[in-house]
Amino acid sequence: IFLGALGLLFATFAQAQAPKTTANYRVVPLPQEISNTSAGAFALNAQTRIAYPKGNAALQKDAELLAQYLFEATKVRPTLTTNAQGRNLIVLSATLKNNNKEAYRLDVSKDRISINGASAAGTFYGIQTLRKAIPQTGAQKLFFPSVTINDQPRFGYRGAMLDVARHFFSFEEVKTFIDILALHNINRFHWHLTDDQGWRIEIKKYPRLTEVSSMRPETMVGHDASKFDGKPHGGFYTQEQARAIVKYAADRHIMVVPEIDMPGHMVAALAAYPELGCTGGPYKVRTTWGVAEDVLCAGNERTLKFAKDVLSEVMNIFPSEYLYIGGDECPKSSWEKCSRCQALIKEKGLATDEKHTAEERLQSYFMSDIANFITAHGRKVGGWDEILEGGIAPNATVLSWRGMEGGIEAARLGHDAIMCPVSHLYLDYYQTADRESEPTAFNGFIPIERTYDFNPVSPKLTANEAKHIIGVQANVWTEYMKTFKQVEYMTLPRLAAASEVQWTMPEKKNFDDFANRMPQLLNVYNLNKYNYGRHLFNVNI
Ligand code: TNX
C-alpha cells in the first residue's frame, strides 16, 4: 500500500511537472492544421537519434541543423544515423505527395517523430516548427506530445531585404540575418548590395568599386544633413565571401537574390568611375541620406557596358533565378541637361507621349536593355515598382513598395509582383508612437499590429490576376542602423508578424492569438541572444 501510494504520488508529481517541459506546436507562423492523435509523448534524451536517407545530402544537412537546434534549446545533442529502424528516433524524409514543395507532415508519437516534406525544404519547415515548439527549460528530458501537423505556406515567395549599403554588416552578421530568416520560414534573402552611400560587392573588372566606392568619409548624424560624425565608414564582401553566403543560405533553403540598384542610387560607383555620370564629376561617396540628383548617364554607351560587366560577375556569384536591378528613385534632371542623353532620346524616338516624359522613356529603354541582357543569360529580372513607368521588360517581377498600386498594376499586366509596401513592411520605421524613447529611425510609425494585419491580395484583383501576387517581403533599410544589434531590434519581432502574413492562411490569422503565441518565439530569440523590441509584448527581460 505504501509503495502504491508512493507511486501515485510520483505519478502526480510527474504529471504536474510535465507541462513545463512539454512542446507547444502552436508556433509562429501558425501551421495550417494541428491535430492531436493519440495520448503519450516522445521523450528526447541522450539516446535519441536523427535518421536521414543515406546519400541524401539535403536531408543530411537538415538533420545536422536539427541536431544543432535541439542542442541549443535542450543541451541534448542527438546523433545522426541512416538507419531508420527502431525507437527513440526522429526520422527525416522527403516523400510527401503534395504539389506545394514546401509542404510537410509532422507526426509525433511515443516511439518516434517523423518529418516528411514534399522536398527537403518542406522537411526543413517541419524542423523549424519542432524547434519552435520546445519550451525554454533546463531539464534534460523534453516531452513532445503526440500530434499530427499538416502544413504548407500560403506564398511561395517569402522574402526579407537587408540594405548593407547604408551601413555595412560583416560576413558573420549577414549569416545571423539568414539564421533569423530561417527561423521565420522565410525563403528569399534580397541583398541590397549597392547604393549612393556604399558599394559592397567585389567586382574584379572594376577594382575601384571596392577601393573607392566601399568607403564613405563620414556619415550624417540623425536627421540633420548639416551634421556629420567625421568617421570613415565602409566595408565590402569578396566574391568568395558572397559565394559562402549563398551556400550558407541554400543550406537553410533560402535563395539569395542580389540587387544592383540602377540607374539611380549609384553615386558611390560614380565616385570611382566619374565617366559614368552625365557631368563627368568629380563625385564623392554620398554622406547624407535621401534621393541624389546624380545618376548613371543613360546616354553613355560606357554606362551600359559597365552595368552589363558588373551583372555578368554578379550572375557568376549568385545562382538565383532572379536578379534585382533597382529602378527606384531616379531623378531625371541630369538627363534633361545632358546632350548625349537628349541625342539618344532623338535617335531612339523616345519623345514625350501622353503618359510619360522622354526621360522616363529613356529610363525604360535603359532598363529594358539591361533586362534583355539578363534574360538572354537565362535569368529573370525584378525591380522596384518604378520599372512600370515608361513600359516594363516583358517578364520582369515588380517589388511594390510605394503602396499596393504598383503590384496591382503589374498583376493586371500579367507580371508577377511581390508586395512590400512602405505602409506595412518597412522595418526601418518607428515601432512605437513614442519616438522620444526609441533610437532614431527613418520615419513614420509601423506598429506590429499593422504589419500583422496586412492583406497582400487586394480585393480589386480577379482570381487570375491575384495569382501574380507571388509573395510578400519585409524591407530593412539601414540609414539609421549603425550596428547589427540595431538591425535585430528593428527587425524583431515585426518580422514574426510579417512571417505569418507570408505563411499562414488569412482565415487562421488573429492578432491576439499571435500575441499569445509570441512568448514562445521570444524564447528562441533569447536563446540566440537576438536583440528585439521587448516592449511590444510587454516582456521585461
Ligand atoms: C526608399 S524603397 C528607398 C530607399 C530608402 C527607403 C527608406 C526604395 C526602393 N527606395 O532608398 O532607404 O525609402 O525607407
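Because the structure is predicted, anything quoted here is derived from the model rather than measured.

A. Region of interest: the overall build of the protein chain. Tallying secondary structure elements over the protein chain gives 18 helices and 23 strands in all. Against the compact-globule benchmark of 24 Å for 541 residues, the protein chain has a radius of gyration of 25 Å, which places it among compact chains. Expressed along its principal axes, the backbone C-alpha trace of the protein chain runs to roughly 100 × 50 × 45 Å.

B. Local environment of the domain arrangement of the protein chain. Segmentation of the protein chain into domains returns domain 1 (18-151) and domain 2 (160-329 + 360-537). Between the C-alpha centres of domain 1 and domain 2 the distance comes to 33 Å. Counting from both sides, the interface comprises 17 residues of domain 1 and, opposite them, 20 residues of domain 2. Elements represented by at least two residues in the side of domain 1 that touches domain 2 include exactly helix H2 (57-74) and helix H3 (120-133). A per-element tally of the side of domain 1 that touches domain 2 places H3 first, with 5 residues. Of the residues in the side of domain 1 that touches domain 2, the class split is 9 nonpolar, 4 polar and 4 charged.

C. Region of interest: helix H8 (residues 301-317). With 17 residues, H8 should cover 24 Å at 1.5 Å per step; its first-to-last C-alpha distance of 25 Å lies within 8% of that length. The elements touched by buried residues of H8 are helix H6 (239-251), strand S18 (255-262), strand S19 (322-326) and helix H11 (358-376).

D. Here's a closer look at the environment of Asn464. Secondary-structure assignment places Asn464 in helix H15 (residues 463-466). Note on Asn464: 10 C-beta atoms within 10 Å, which makes it exposed. Along the primary structure Asn464 and Gln152 are separated by 312 residues, whereas in three dimensions their C-alpha atoms are 21 Å apart.

E. Helix H17 (residues 494-503), seen in detail. Burial analysis of H17 places 10 of its 10 residues in the buried class, which makes it a mostly covered element. Those residues of H17 that fall on the buried side of the exposure criterion are Arg494, Leu495, Ala496, Ala497, Ala498, Ser499, Glu500, Val501, Gln502 and Trp503.

F. Structural view of the sheet that holds strand S3 (residues 49-51). With mixed pairing, 7 strands are arranged side by side in an open sheet as S1-S9-S6-S7-S5-S3-S4. Edge strands, defined here as strands with exactly one partner in the open sheet, are strand S1 (33-35) and strand S4 (79-81). The average angle at which neighbouring strand axes cross in this sheet is 15 degrees, direction not considered. Pairing of strand S5 (residues 89-93) with strand S7 (residues 112-117), which is carried by 5 bridges, proceeds in the parallel orientation. The residue of S7 that forms the bridge with Leu92 is Ile115. Contacting S3, S4 and S5, H2 crosses the sheet at an angle of about 145 degrees to S5. Along the sheet face, H3 touches S5, strand S6 (104-108), S7 and strand S9 (147-151) and points at about 140 degrees away from the line of S7.

G. Up close: the sheet that holds strand S21 (residues 397-400). Here we have 8 strands rolled up into a closed barrel, ordered S10-S11-S18-S19-S20-S21-S22-S23, and parallel in their pairing. Each neighbouring strand pair of the sheet contributes to a mean axis angle of 30 degrees, computed without reference to strand direction. Across 2 bridges, the pairing between S18 and S19 is parallel. Paired with Met262 across the two strands is Gly326, which belongs to S19. The strands touched by H17 within the sheet are strand S10 (157-163) and strand S23 (469-476), with S23 carrying the most contacts at an inclination of about 175 degrees.

H. Quick peek at unusual backbone geometry. The residue after Val28, namely Pro29, is reached through a cis peptide bond having omega -5 degrees. The residue Asn185 is not glycine, and still its phi comes out positive at about 60 degrees. Relative to the helices and strands, Asn185 is located in the loop between helix H4 (171-183) and strand S11 (188-192). By the C-beta count within 10 Å, which is 25 here, Asn185 ends up buried. Even without being a glycine, His265 presents a positive backbone phi close to 50 degrees. Within the fold, His265 resides in the loop between S18 and helix H7 (267-272). Its 27 C-beta neighbours within 10 Å are what place His265 among the buried residues.

I. Just the packing of H2 against H3, in detail. Across the interface, H2 lies against H3 with an axial gap of 10 Å and an inter-helix angle of 10 degrees. Judged on the interaxial angle alone, H3 and H2 are roughly parallel. Contacts from Ala58, Leu59, Asp62, Leu65, Leu66, Tyr69 and Ala73 of H2 reach H3 at Ala120, Thr123, Phe124, Ile127 and Arg131. Classifying every residue of the contact of H2 with H3 gives 9 nonpolar, 1 polar and 2 charged.

J. Broad picture of the confidence of the model for the protein chain. Model confidence for the protein chain is summarised by a mean pLDDT of 93, while 94% of its residues fall at 70 or above. Here residues 7-19 is a poorly scored stretch, pLDDT under 50, and it has 1 contact once near neighbours within four places are set aside; other chains count. Reported confidences for the modelled complex are a pTM of 0.95 and an ipTM of 0.98.

K. Up close: the pairing of strand S20 (residues 380-384). Of all 5 residues in S20, 4 are buried; the element is thus mostly enclosed. Strand direction decides the pairing type here: S19 and S20, joined by 3 bridges, are parallel. Paired with Leu323 across the two strands is Val381, which belongs to S20. Of the pairings in the sheet, the one linking S20 to S21 comprises 3 bridges and is parallel in character. When the bridges of S21 are listed, Gly382 appears paired with Thr397.

Cut-off values and rules
- Residues numbered from 1 in each chain as written.
- Predicted model: local features only at pLDDT ≥ 70, side-chain atom pairs only at ≥ 80, totals over all residues.
- Helix = DSSP H or I, 4+ residues; strand = E, 2+ residues; numbered from the N terminus.
- Rg over C-alpha atoms; globule rule 2.2 N^0.38 Å.
- Domains from an automatic or database assignment.
- Contact = placed C-beta atoms within 7 Å.
- Nonpolar A, V, L, I, M, F, W, Y, C, P; charged D, E, K, R; others polar.
- Expected span 1.5 Å × (residues − 1).
- Buried ≥ 20, exposed ≤ 12 C-beta atoms within 10 Å, placed from the backbone.
- Pairing = 2+ DSSP bridges.
- Axes fitted to C-alpha atoms, helices over the stretch in contact; angles between N-to-C directions.
- Parallel < 35°, antiparallel > 145°, perpendicular 65-115°, else oblique.
- pLDDT = per-residue confidence, 0-100.

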